[in-house]
Every structure is written in C-alpha cells, then in structure tokens.
Amino acid sequence: MAGRLEGKVAFITGAARGQGRSHALRLAQEGADIIAVDLCAPIREGAVIPPSTPDDLAETENQVKALGRRIVTAEVDVRDQDAVTEAVAAGVSQLGRLDVVVANAGIGNGGDTLDQTLEIDWQEMIDVNLSGVWKSVKAGVPHMISGGNGGSIILTSSVGGLKAYPNAGSYVAAKHGVVGLMRAFAVELGQHSIRVNSVHPTNVNTPMFMNEGTMKMFRPDLESPGPADMEIVAKLMHVLPVGWVEPEDISNAVLFLASDESRYVTGLQLTVDAGSTLK
C-alpha cells in the first residue's frame, strides 16, 4: 500500500533534532524524500539552549535512509537567503521536485519583559522565527510553482502565536507574525493550488523546551528544578492533564496538512495544544 506522501519531496528546516527530525521521519515513513537543513551551531556565543550539531543532522539523515527514503542535507542558517535558496535548489536537483515545505526552524528565549529585552535578543528572534520562515518559503515557492503539481506549505508557529505569555514578548511577536505570513502566502499562492497552513504546538518534549533555562523560568522558586518540578506548573497551562506533548504529536498534524487528506484546507491555524488556547 502506497504511503500518503508517496513520490513527493519535502523541504524541512530545523531538521537536525526535535520537531524537525520528527517531521522528517514521519513524512519519510509515508513515502516522502527529504531535503533537510539546520544551522548545527550556536546562534551566537553564550546561547542558553544547547545548539544542534552536525552529528545531529547526520543522525536524521541516517534515520531517514533507514526508512528506505532519499535525503539531501545541508548546514544552513535560515537567516541567509542565498544559502537557503542554494540548499533547496541542490535538493530539488537531486530529488527531482518539491511538493512540501515545512518551515520549522526556530529559537526560544524568555525571562525578560519586553521593555527590558535586549535589542540583540529581539532582533535574533525576529530574524530566525519570522524572517527565516519567510526566506524558507521564498526559497521553495519557485520550485513548487514550476513543478505545476500544487503543494503544501506548513509554518511552525506556536500557542504563543495565538495568545500572549509574559516574559516571552519577542517570541510571541514573532510567532504572531508567522500567522500573518501564513495567511498572506495562502491568499497569494492559492491560484497555483499551493495550500499554506500553520501549526501551533504547546510545550513540546524537545531540547528547546527541556533545558535548564526553561525549567528555571517555570520554577524560579527552586534552585535546581527538574522536569517533574516544571510539569507541576506546565500542567496549569492546559485543559488536558499534561505538561507537554511529544514531537510526533506535532508531526502527525504536519503529515495531515502535507497530505492530500487536507487538499482543500488552507489558511488554517491548527493547534496541538492540549487545550491551552481554551484557557
């Protein structure tokens, strides 16, 4: 039985680990070949969240190949339009087409109110989480249009793209901006049968969430909080009794939006949030 993405090619950013790797594997399981990129280095010295590495991207490559699918990888900064464009073109040259774009790469920060946020932190957030999404889609669209097969573009936003949280204002602003990008691209690309939607995860069990800095932000009352300590507070964010979801929960939503099962779905904000937007 053919997979739901048999014969298609997906371009995924931030694919070295976390949600991006999970998306690559889930789409590959359903028959897609993959163009996978990631920075694989710190955004800058002193970054709180440990960065992905070349070994992480290589592991994504190995796991996709183990599923019997082809994959082209590149170490790319989504802030660099020329590099992203070149990586997509190289991938399409080797794999023959482009049907799906998953603009997933992103960073997280937090802890300061907006009036106390440093300009460098603000600019990095906007450059990666908003402009990087735009540049990734921009790199893929010409190949999708020229292919003449339509396609699906999925932008990773966040619950923070639908509601505000304190001490994460730059993240909230960027992720709200992703919704605007999604809607504008959906209106502009619909004539080419290209659908554009966004996914809005709550906390996800990945290195961007499961790290010392995030745990201390959730539990400033404790000197060395761990996951169990953070979970007590994280559960308060949700209607369902969980503190976070797993990467594959987001990947299943991405798969639905990438597949023909959602062939008339465009402009949708799809939440995978355990009911967080209800609170």
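Residues numbered from 1 in each chain as written. Predicted model: local features only at pLDDT ≥ 70, side-chain atom pairs only at ≥ 80, totals over all residues. Heavy atoms only, no water.

The name recorded for the chain in an unreviewed UniProt entry is Mycofactocin-coupled SDR family oxidoreductase, from Rhodococcus gannanensis. Its UniProt record gives the chain the following Sequence similarities (unreviewed entry) comment, quoted word for word: "Belongs to the short-chain dehydrogenases/reductases (SDR) family." (UniProt positions renumbered as here; feature names shortened; annotations may be inferred.)

Student: Whenever I open this one, the sheet that holds strand 7 (residues 269-272) confuses me. Can you help?
Tutor: Strand pairing in a sheet relies on backbone hydrogen bonds. The paired strands run either parallel or antiparallel. Strand order in the open sheet formed by seven strands is 3-2-1-4-5-6-7, with parallel pairing between adjacent strands. In this open sheet, the two strands that pair with only one neighbour each are strand 3 (71-75) and strand 7. Direction aside, neighbouring strands of the sheet carry axes that sit 15° apart on average. Where strand 5 (residues 151-156) lies against strand 6 (residues 194-201), six bridges are found, and the strand directions are parallel. By the bridge assignment for strand 6, glycine 151 is matched with isoleucine 194. The strands touched by helix 2 (residues 54-66) are strand 2 (33-38) and strand 3; relative to strand 3, the strand with the most contacts, the crossing angle is about 175°. In this fold helix 5 (residues 169-189) packs onto strand 5, strand 6 and strand 7, with an angle of close to 165° to the strand it touches most, strand 6. (Pairing = 2+ DSSP bridges. Helix = DSSP H or I, 4+ residues; strand = E, 2+ residues; numbered from the N terminus. Axes fitted to C-alpha atoms, helices over the stretch in contact; angles between N-to-C directions. Contact = heavy atoms within 4.5 Å.)

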